[in-house]
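# Descriptive analysis of the structure
Below, each chain spelled out in residue letters.
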Amino acid sequence: MIGQLFRLTLRGIADFMLHPVAQLLTLVAVAMVTLLTGLILTGIFNVNLELAKSRGEVEFQVYWKTGLNGEAVRKDWGVVQAMPHLDEFKTYTPESALKELADTMGEGGDFSWLEENNPLPYSALASFKVPPEAQKQGWANALLTDLRSLPGVDQVDYTPFQGDLAQGWTTIAKAVIWPVLGFLGLVVSLVVHNTIKLSLMTRMDEVEILSLVGARPSYIRWPLLTGGFIQGLLGSLGGIGLLYAVHAFTADALNFPPFMLQIHFLPLSQLAMLAGGVTLVSMASSWVAVK
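This structure is a prediction, so every number in the text was calculated from the model and none was measured.

In this structure, Phe 60, Val 62, Trp 64, Trp 77, Phe 128, Leu 147 and Val 156 are the most contacted members of the largest nonpolar core, which totals 19 residues. Those elements giving two or more residues to this core turn out to be β1 (57-64), α3 (70-81), β3 (123-129), α5 (139-148) and β4 (153-157). Sequence-distant contacts of Val 156, defined by excluding residues within four places in its chain, comprise Phe 60, Gln 61, Val 62, Leu 144, Leu 147 and Arg 148. With 17 residues, the next largest nonpolar core counts Leu 35, Phe 45, Leu 274 and Ala 275 among its residues.

Here you go:
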């Protein structure tokens with residue numbers, strides 16, 4: 001029994017190469033759908049990371065007065081660093097801020113002519129952890145007042161709507177994102193289903209002869225199901241490879257002030273679920289086509 005199953009599997013692998021153009025187009029379609037699904041999952045994963053971090057964290061973008069000397073600014077930096085619940089404090093001199101700005105502008109960001117008369121002020125990004133005992137009404141506003149009261153500070157910006165943002169994101173995910181993922185799964189099903197049906201039409205005579213000589217349905221169906229499994233597996237792996245390439249080019253796309261967002265790649269568990277889901281959908285659609 002196991003030997004026969006192994007032979008039928010090998011036969012399915014060999015039959016997979018009978019229509020290389022159609023199979024290649026199907027693999028490309030499955031890979032593209034996997035890529036689109038992976039991009040959506042990557043967006044969800046990174047937004048969830050940021051929300052999980054920001055719901056227990058408040059970030060302030062602090063700007064000092066233009067032309068203020070470095071010694072006075074560093075005294076204010078020392079005051080901020082001594083504040084309770086400070087989690088991360090990134091500082092920028094006018095020179096480093098100008099360099100960051102030039103890096104984000106790419107080839108068109110040549111600001112060397114501003115080095116002698118730099119208009120940018122000293123700035124900093126201060127992130128404060130909010131422990132449960134500090135989560136009380138007006139805590140963030142009090143912290144904002146303390147930062148604005150520093151002698152050399154000119155402006156302080158922060159976003160006070162993190163809780164509403166998290167709730168809004170949950171509503172959007174339920175209303176839009178998951179239906180979109182379901183639609184992409186339907187696209188995979190239709191693509192693989194039609195390819196298997198096309199393969200069956202080209203092999204109709206062979207299937208009828210096998211049926212007439214008494215071949216069991218499993219003997220006929222298993223090689224075709226093997227083809228659906230290969231399409232799903234190779235297509236999903238190809239899509240994940242494309243997803244990795246896209247991530248390599250965009251990982252630092254928002255990693256500059258004031259955003260400072262590092263785009264993280266999907267964890268291994270979610271990649272495995274993505275590949276497994278696409279493969280199972282391909283096998284299910286193959287089964288429907290074979291039936």
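Bringing the environment of Leu 68 into the picture now. Positionally, Leu 68 belongs in the loop between β1 and α3. Setting aside chain neighbours within four positions, we find Leu 68 in contact with Val 73, Tyr 122 and Gly 152.

In terms of burial, β3 is largely enclosed, as six of its seven residues are buried. Pairing of strand β2 (residues 86-92) with β3, which is carried by six bridges, proceeds in the antiparallel orientation. By the bridge assignment for β3, Tyr 92 is matched with Ser 123.

This part is about the pattern of salt bridges. Across all of its chains, the model carries one salt bridge by this definition. One salt bridge in this structure joins Glu 88 and Lys 90, with 3.5 Å as the shortest N-O distance. With a relative accessible area of 36%, Glu 88 lands in the partly exposed category. Relative accessible area serves as the criterion here: at 28%, Lys 90 is assigned to the partly exposed category.

Before going further, it helps to examine the side chain of Asp 76. Among the secondary structure elements, Asp 76 is positioned in helix α3. Despite its burial, Asp 76 pairs with no opposite charge, the nearest such side chain being Lys 65 at 8.4 Å. A distance of 2.8 Å separates the side chain of Asp 76 from the side chain of Trp 64, its partner in a polar contact. Non-local contacts of Asp 76, meaning those with residues more than four positions away in its chain, are made with Trp 64, Leu 150, Pro 151, Gly 152 and Val 153.

Under the defined criterion, the tally for this structure stands at four aromatic pairs. Summarising the aromatic geometry, the rings of Trp 64 and Trp 77 are spaced 6.2 Å apart at their centres and angled 85° between planes, so their arrangement reads as edge-to-face. Linking Trp 64 in strand β1 with Trp 77 in helix α3, this pair joins segments that are 13 residues apart in sequence. Grouping residues by exposure puts Trp 64 and Trp 77 together as buried. Between Tyr 244 and Phe 265, the aromatic rings sit 5.5 Å apart at their centres with planes inclined by 85°, giving edge-to-face as the arrangement. Of the two residues, Tyr 244 is situated in helix α8 (residues 217-250) and Phe 265 in the loop between α8 and α9 (268-290); the sequence distance between them amounts to 21 residues. One aromatic cluster is present, formed by Trp 64, Trp 77 and Tyr 122 through successive ring pairs.

The subject of this paragraph is a nonpolar patch on the surface. Taken together, Phe 229, Leu 233, Leu 237, Leu 280 and Met 283 make up a surface patch of nonpolar side chains, about 430 Å² in accessible area. Secondary-structure elements contributing two or more residues to the nonpolar patch are α8 and α9. Here the nonpolar patch takes three residues from α8, the largest share from any one element. Mapped onto the elements, Leu 280 comes out in helix α9. Leu 280 sits in the exposed class, given a relative accessible area of 58%.

Reading guide: rules and limits
- Residues numbered from 1 in each chain as written.
- Predicted model: local features only at pLDDT ≥ 70, side-chain atom pairs only at ≥ 80, totals over all residues.
- Heavy atoms only, no water.
- Core = buried A, V, L, I, M, F, W, Y, C linked by side-chain atoms within 4.5 Å.
- Buried < 20%, exposed > 50% of the residue type's maximum accessible area, 1.4 Å probe, protein only.
- Helix = DSSP H or I, 4+ residues; strand = E, 2+ residues; numbered from the N terminus.
- Contact = heavy atoms within 4.5 Å.
- Pairing = 2+ DSSP bridges.
- Salt bridge = Lys/Arg side-chain N within 4 Å of Asp/Glu carboxyl O.
- Lys, Arg positive; Asp, Glu negative; His and termini not counted.
- Polar contact = N/O pair within 3.5 Å; in protein donor to acceptor, adjacent residues only side chain to side chain.
- Phe/Tyr/Trp six-rings, centres within 6.5 Å; stacked < 30°, edge-to-face > 60°.
- Patch = residues over 30% accessible without salt bridge, like charges linked within 9 Å, V, L, I, M, F, W, Y side chains within 5 Å.
- Areas by Shrake-Rupley, 256 points an atom, 1.4 Å probe, with all protein chains shown as cover.

Worth remembering: the numbers are spatial, not functional.
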